[in-house]
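Survey of secondary and tertiary structure
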Amino acid sequence: MGVITEYYRATSCDDAHAKAKSLGSAAAYVGGGVELVLRRNPEVATLIDLSRCGLGRIVKTAEALSLGAQVTLAAISRNGDVKAYAGGSLAYLAGHIAHNNLRNMITIGGAIGRNQPWNDIVPHLIALGAYVEIQDDQERVMPLSDFIRQREPGTLILGVRLPLVNADLHGFLWRFTRTQQDISLLHCSALIGVQESVVSAATIVYAGRPGGTVLYPKVAAELIGRPVKAETFLHAGDVAAQAVEVGDDLRASGSYRRELVRAAMVRLGEEMAGVAQ
Amino acid sequence: MRVSITINAVQCLLEIEPGDILLDVLRREGYVEVKGDCHTGDCGACTVLLDGKPVASCLMLAAKADGHAVTTVRGIGDQRHPHALQKAFVHNGAIQCGYCIPGAITSAKALLDENPEPTREDIRLAMDGNYCRCTGYEQQIEAVLEAARELREGGFR
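Residues numbered from 1 in each chain as written. Chains lettered and ligands numbered in written order. Predicted model: local features only at pLDDT ≥ 70, side-chain atom pairs only at ≥ 80, totals over all residues. Heavy atoms only, no water.

Quick word on the overall build of chain A
Secondary structure assignment for chain A yields twelve helices and twelve strands. Computed over C-alpha atoms, the radius of gyration of chain A comes to 19 Å, within 12% of the 19 Å expected from 2.2 N^0.38 for 277 residues, which places it in the range of a compact globule. The dimensions of chain A, computed from C-alpha atoms along their principal axes, are 60 × 45 × 30 Å. Across the 277 residues of chain A, 55% fall into the buried class. (Helix = DSSP H or I, 4+ residues; strand = E, 2+ residues; numbered from the N terminus. Rg over C-alpha atoms; globule rule 2.2 N^0.38 Å. Buried < 20%, exposed > 50% of the residue type's maximum accessible area, 1.4 Å probe, protein only.)

As for the interface of chain A and chain B
Taken together, the 31 residues of chain A in the interface contact 28 residues of chain B. Surface buried jointly by chain A and chain B totals about 2100 Å² across both partners, of which 55% is contributed by carbon and sulfur atoms. Broken down residue by residue, the surface that chain A buries against chain B is led by Y7, N101 and M105 of chain A, which jointly contribute 24%. Remark: the boundary between chain A and chain B carries three salt bridges. R103 of chain A is the partner of D128 of chain B in a salt bridge, and the nearest nitrogen-oxygen pair spans 3.3 Å. For the interface between chain A and chain B, the tally reads ten residue pairs in polar contact (both at pLDDT 80 or more). Every element with two or more residues in the side of chain A that touches chain B is listed here: β1 (6-9), α2 (34-38), β3 (46-49), α5 (89-96) and α6 (100-103) of chain A. Class assignment of the residues belonging to the side of chain A that touches chain B gives a composition of eleven nonpolar, 13 polar and seven charged. (Contact = heavy atoms within 4.5 Å. Buried area = accessible area lost by both parts, 1.4 Å probe. Salt bridge = Lys/Arg side-chain N within 4 Å of Asp/Glu carboxyl O. Polar contact = N/O pair within 3.5 Å; in protein donor to acceptor, adjacent residues only side chain to side chain. Nonpolar A, V, L, I, M, F, W, Y, C, P; charged D, E, K, R; others polar.)

Considerations on the environment of I5 of chain B
Residues and elements named next belong to chain B. Along the chain, the position of I5 falls in strand β1 (residues 2-7). Linking I5 and A69, residues 64 residues apart in sequence, is a C-alpha distance of 6.0 Å. Among all residues touching I5, those that are not within four sequence positions of it are V10, Q11, C12, L14, L22, A62, A65, D66, H68 and V70.

Points about the domain arrangement of chain B
All names here are of chain B. Under the domain assignment used here, chain B contains domain 1 (2-75) and domain 2 (77-153). Averaged C-alpha coordinates put domain 1 and domain 2 at centres separated by 20 Å. Residue-level contacts link 17 residues of domain 1 with 13 residues of domain 2. Summing both sides of the interface, domain 1 and domain 2 together bury roughly 1200 Å²; the carbon and sulfur share of this comes to 58%. Taken together, domain 1 and domain 2 are joined by zero salt bridges. Across the domain 1-domain 2 interface, the total number found is six residue pairs in polar contact (both at pLDDT 80 or more). (Domains from an automatic or database assignment.)

Brief notes about the sheet that holds strand β6 (residues 131-135) of chain A
Residues and elements named next belong to chain A. The five strands are arranged β4-β5-β8-β6-β7 in an open sheet whose pairing can be described as antiparallel. Every other strand in the sheet has two partners, leaving β4 (58-60) and β7 (139-143) as the edge strands with one partner each. Ignoring which end each strand starts from, the neighbouring axes of this sheet average 25° apart. In the sheet, β4 pairs with strand β5 (residues 64-68) via three bridges, with the strands oriented antiparallel. Counterpart to I58 in the pairing with β5 is L67. Here helix α1 (residues 13-23) sits on the sheet in contact with β6 and β8 (156-163), set at roughly 130° to β8. (Pairing = 2+ DSSP bridges. Axes fitted to C-alpha atoms, helices over the stretch in contact; angles between N-to-C directions.)

A closer look at the state of the cysteines
By definition, a disulfide links the sulfur atoms of two cysteine residues through a covalent bond. All names here are of chain B. If you walk through the whole model with that rule in mind, you get zero disulfides over all chains. With no disulfide partner, C58 has as its closest neighbouring cysteine sulfur the one in C46, 3.7 Å distant. Assessed through its relative accessible area of 5%, C58 is described here as buried. Among the cysteines around C100, which has no disulfide bond, C132 carries the closest sulfur, lying 3.8 Å off. What makes C100 buried here is its relative accessible area of 11%. (Disulfide = S-S within 2.5 Å.)

Okay, here's the thing in structure tokens:
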């Protein structure tokens, strides 16, 4: 954030988008504002406040659980519908990430919009099969994984939709961190369906390798149709250790991360064994 | 720009710059009990309540507080009328240098408002953003448990 000359209170999403479009890279939407303050962009002179745009609600419809872009992580962690969704993995993550003061500030729209490489929210949402509602020249809904790949600057994030067809599947996340508030050395998220002790559906996501979120359908394919047994997940761990790109940084070596990739599958297997029983 | 923020139950009309940070505005207006330390949202010394919820005022745009209620530790209790939490922090030796304590008490107040009978784990989670480099944390947890007990029994306000 450079010298801010204007704080614009948008009265609607159309109003916010029109303002952002007219200013281009000199404007930024305000979610919780945390990243704007922490990582100042000298180009930005106008902040567009979205708090009056009606994006602060969690609503359950016939098809999806919709989280408005201005909903905070703390609100997500306490919401009964989110706690009931896919075993409550998103509610748990939202209630344990960063710390309490920040959880009351960080919004889900801001987390997606910024999507820093250490983000743990985006990979888990992608694993849960989330869609994102956006507004550029029109309102659109698209898979969050596509949005992250193709995102155009200036796009207004309206919210996230968690499809109810996934509500009864099992969400899993494993953040390997040095301390609870540390960023992940490795993040693994998954969504697993089980029917009669056989894996019927699987989505596997790794992040923090270091780097952003990547879906691994090849690893998921090693699980689908196989029994929920330790051997199944050990084998998937071997495949994952080959498939997942890992790297070195100051916080962990690539070879250490490769072992964590494998370990995440073992943990998933242990958890799913309990679910299957 | 002009904003209206209710600070410790007093409505204040403040002239601020659009990019001002809430911590800086509060201290400029004399609320120096709100401490600045890391300025990156890590340490919790700057914690205030925004509509009853703890936030890091060092990372909060002051303009975002427009129309909302901010409570500092002085709004929770003062030397003449200390809150049960403040008494319990003293009683349990949970204060040494004292710099982090306004933030710690503010976070604890938000917890007890929402959960009058917290477990130790509830307290750890609610205060996980409040660093203390003097006392450790055991005394603070004991203090919050004692204050919760006192408040439930109606001993203090």
